[in-house]
Every structure is written in C-alpha cells, then in structure tokens.
Amino acid sequence: MSSPTEPKIASSLQEGYQHQHTPPNILLAVTGSVAAIKCPEIAVRLVKECKANVKVLLSQGGKNFWDKSKGYNEEYWDLLLEEVNNSESVSIIHADDEWKEWNQLGDPVLHIDLRDWADLMLVAPLSAHTLAKLAHGFCDDTVSCVVRAWDFGHGIRPGKPLLLAPAMNTAMWQHPLTLQQLDTICGFWNFQGDSRNGIQIVEPQEKKLACGEIGNGALASVDVIIDAVRTRFNMKDI
Ligand SMILES: Cc1cc2nc3c(=O)[nH]c(=O)nc-3n(C[C@H](O)[C@H](O)[C@H](O)COP(=O)(O)O)c2cc1C
C-alpha cells in the first residue's frame, strides 16, 4: 500500500489489447536507472513468456547500466546473447544508432520506424529524467522521440499501449514533481474513445535500494512487469 506521501497514480489501462503482429512486437526502452541491470532478464522473459519479438532501445543513461548487467546476472546475459545471435527475436538498439541510419531525405527515421513496428512499448526502468522529459514533451533522444510520436488513438491511427515502470531513489519517487508528471502523462493520454489506447504505470516497490536506503522507488519485480504485459495482451491464461 502506498503511504499518504506516496504518489497515487491514475491509469488508463484497458485489458485485452489485440496486437497487430503475431508474435507481438515489444519495444523495451531502457533508461538511466540502476535497475537497468535487470533488463536482460526482462527481455529474455518477454521472448519466452509473451512469445514476443523484442527490440531493446537503450537511452544514453540506460546504456551506462546495461553495460554492467553482465556482472549482475550472467545467466540472463548469456541467454540474451543467445537470442540475439541465434534468433531474430531480440535486437539491441543504441542511443546513437538513429543518426547512423539517417543521412539524407528518404533514409529511414528510426524513431518513427520503431513506433510503427511496436505493438506495445514498455519503458522499464523509467528514470526520473526521462519521466520529466515525457511529461513536458521533450524529445531529444530516440526513446523520448518514440513516445512523443506514439499512437494514443487521438488521431485516425489506432491507439497502442504504453507501459511505464519508474525506478528511482525514494526521495525522487516521493518528490511532488513525480506525481504531477505521472498524472500529466496519464491525464492527457487518457482518451476514452478508443479501448485499445492506454497508459499503465507499473508502480515501483519498496525494498532496499541500490544506494542502501530502504524505501519505495525500486523497479517493480520482473514477475509483475511480465504479468502487466501479458495482461495487456490477454495472455493471462495461456
Ligand atoms: C550510480 C547511479 C545510479 C542512478 N540511479 C538512478 C535511478 O535509479 N533512477 C533515476 O531516475 N536516476 C538514476 N540516476 C541518474 C540518471 O542516471 C541520470 O539522471 C541520467 O541522466 C538519466 O538518463 P536517461 O536520459 O536515460 O533518463 C543514477 C545515476 C547514477 C550515477
């Protein structure tokens, strides 16, 4: 249960979104929280438990921690490399790949291609910095550009789910800006007209944080995150 000082978050979640691709395409955006070291496990379990194709998109901050994740959980790191090398179900995209692909008009625009490719976007972990950017519409990297260009069902294009899993120090989590920004995001993307549209905040958990403090703000467990995706795709009983 959240304490009175904890952000209480609205959500526009609708269950049972019908993905356009089979298997579903999941864009896993990894931003600069220390919890990014859990992302190889998240990516592998999305492939195995949601039978999904996964593109891992690293922000500049996310990459700092991604590079350390091998030492944190070698088993999932090796499983991930196996998927990357032996199947086409997982690929890794780095923050500066966008500019390597684009040289002239007519070249692919990575953030738009990723938006179109994905049936669902999961930002896990969502750093305080990226949260602030998303709430205010800033889009200075590929992760924030994909979200800024995301389909929420507010035009002629059908909406697609966006799941955000914040992870940060307790003081950051309890800062008034955090709630304001999450409410802003849920509020202006909560269009009632399209049942496929929706944002879900996968709330953080209380535990001993990487900095040694005990409090709320740790990334939700991988089980909870996978469960949220499976619920979204109506895979609960499969
Ligand atoms: C060791 C270390 C741990 C950090 N952990 C977090 C964290 O858990 N959550 C968070 O929001 N920011 C954390 N930060 C700060 C972010 O990494 C920083 O704001 C970064 O610019 C965010 O990058 P982004 O553009 O990917 O959001 C941490 C920084 C360091 C150096």
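The name recorded for the chain in an unreviewed UniProt entry is Flavoprotein domain-containing protein, from Cylindrotheca closterium. What UniProt states about the chain under its Sequence similarities (unreviewed entry) heading is, verbatim, "Belongs to the HFCD (homooligomeric flavin containing Cys decarboxylase) superfamily."

## Some points on the overall build of the chain
Within the chain one finds 11 helices and 8 strands. For the chain, with 238 residues in total, the buried portion stands at 44%. In the chain, the proportion of contacts linking residues at least 24 apart, taken out of those at least 6 apart, comes to 79%.

## A closer look at the pairing of strand E5 (residues 161-166)
Most of E5 sits inside the fold, with 6 of its 6 residues counted as buried. Bridging between strand E4 (residues 120-126) and E5 involves 4 bridges; their strand directions are parallel. The residue bridging leucine 122 from the neighbouring strand is leucine 163, located in E5. Where E5 lies against strand E6 (residues 198-201), 4 bridges are found, and the strand directions are parallel. Residue pairing for E6: proline 161 is matched across the bridge by glycine 198.

## Thoughts on the environment of phenylalanine 152
Inspection of the secondary structure assignment puts phenylalanine 152 in the loop between helix H8 (142-148) and E5. Put simply, phenylalanine 152 and leucine 162 are 10 residues apart on the chain and 8.6 Å apart in space, counted from C-alpha to C-alpha.

## Here we look at the sheet that holds E5
Across the sheet, 6 strands lie side by side as E3-E2-E1-E4-E5-E6; this open sheet has parallel pairing. Every other strand in the sheet has two partners, leaving strand E3 (90-93) and E6 as the edge strands with one partner each. For this sheet the average axis-to-axis angle between neighbouring strands, irrespective of direction, equals 15°. Two strands pair when backbone bridges link them, and strand E2 (residues 53-58) and E3 are joined in this way by 4 bridges, in the parallel orientation. Looking at the pairing, valine 56 lines up with isoleucine 92 of E3.

## A look at the nonpolar core
Residues Ile26, Leu28, Ala43, Leu46, Ala165 and Val229 are the most contacted members of the largest nonpolar core, which totals 64 residues. Not counting chain neighbours up to four residues away, the residues in contact with leucine 28 comprise Cys39, Ile42, Ala43, Leu46, Val54, Val56, Leu57, Leu122 and Ala124.

## What to know about helix H7 (residues 128-136)
Burial in H7 covers these residues: Ala128, Thr130, Leu131, Lys133 and Leu134. Trailing H7 by a residue or two, glycine 137 shows a phi angle of about 85°, which is positive.

## Focus: the site of the ligand
Taken together, 16 residues lie near the ligand, and Gly32, Ser33, Ser59, Gly61 and Ser127 sit nearest. Of the residues assigned to the shell around the ligand, the class counts are 6 nonpolar, 10 polar and no charged.

## What to know about the packing of helix H1 (residues 39-49) against helix H4 (residues 74-86)
It is at 8 Å that the axes of H1 and H4 come closest, and there the two elements cross at 50°. What the angle tells us is that H1 and H4 run oblique. The interaxial crossing formed by H1 with H4 has left-handed handedness. Along its contact with H1, which presents Pro40, Glu41, Ala43, Val44 and Val47, the element H4 presents Tyr76, Trp77, Leu79, Leu80 and Glu83. A class-by-class count of the residues in the contact of H1 with H4 yields 8 nonpolar, no polar and 2 charged.

## Let's talk about unusual backbone geometry
Proline 23 follows threonine 22 through a cis peptide bond whose omega is -5°. Mapped onto the elements, proline 23 comes out in the segment before strand E1 (25-30). In the segment running from alanine 124 into proline 125, the intervening peptide bond is cis, with an omega of 0°. Residue position: proline 125 is located in strand E4. For lysine 51, which is not glycine, the phi dihedral falls at a positive 50°. Overall, the presence of 15 C-beta atoms within 10 Å leaves lysine 51 in the partly exposed class.

Rules used in this analysis
- The residue numbers shown here count from 1 along each chain, following its written sequence.
- Reporting of local features is limited, given that this is a predicted model, to residues whose pLDDT is at least 70; pairs of side-chain atoms are given and counted only at 80 or more, and all residues count toward the totals for whole chains, interfaces and linings.
- UniProt positions are given in the numbering used here, feature names are shortened, and annotations may be inferred rather than shown by experiment.
- The helix and strand labels rest on DSSP assignments: H or I over at least four residues marks a helix, E over at least two residues marks a strand, and numbering proceeds from the N terminus.
- Remark: C-beta atoms are placed from the backbone, and a residue is labelled buried if 20 or more other C-beta atoms sit within 10 Å of its own, exposed if 12 or fewer do, or partly exposed between those counts.
- By the criterion used throughout, residues are in contact when their C-beta atoms, derived from the backbone, lie within 7 Å.
- When DSSP finds two or more bridges between a pair of strands, those strands are recorded as paired.
- Only the stretch in contact is used when a helix axis is fitted, and all axes are lines through C-alpha atoms; the angle between N-to-C directions ranges over 0 to 180 degrees.
- Among buried residues, those of type Ala, Val, Leu, Ile, Met, Phe, Trp, Tyr and Cys that are joined through C-beta atoms within 7 Å form a set called a nonpolar core.
- Residues are counted as near a molecule or strand when the C-beta atom, derived from backbone positions, lies within 6 Å of that molecule or strand.
- Classes in brief: Ala, Val, Leu, Ile, Met, Phe, Trp, Tyr, Cys and Pro nonpolar; Asp, Glu, Lys and Arg charged; the others, Gly included, polar.
- To sort the angles, those under 35 degrees are grouped as roughly parallel, those over 145 as roughly antiparallel, those from 65 to 115 as roughly perpendicular, and the leftovers as oblique.
- Rotating anticlockwise by less than a right angle from the far helix to the near helix defines a left-handed crossing, while the corresponding clockwise rotation defines a right-handed one.

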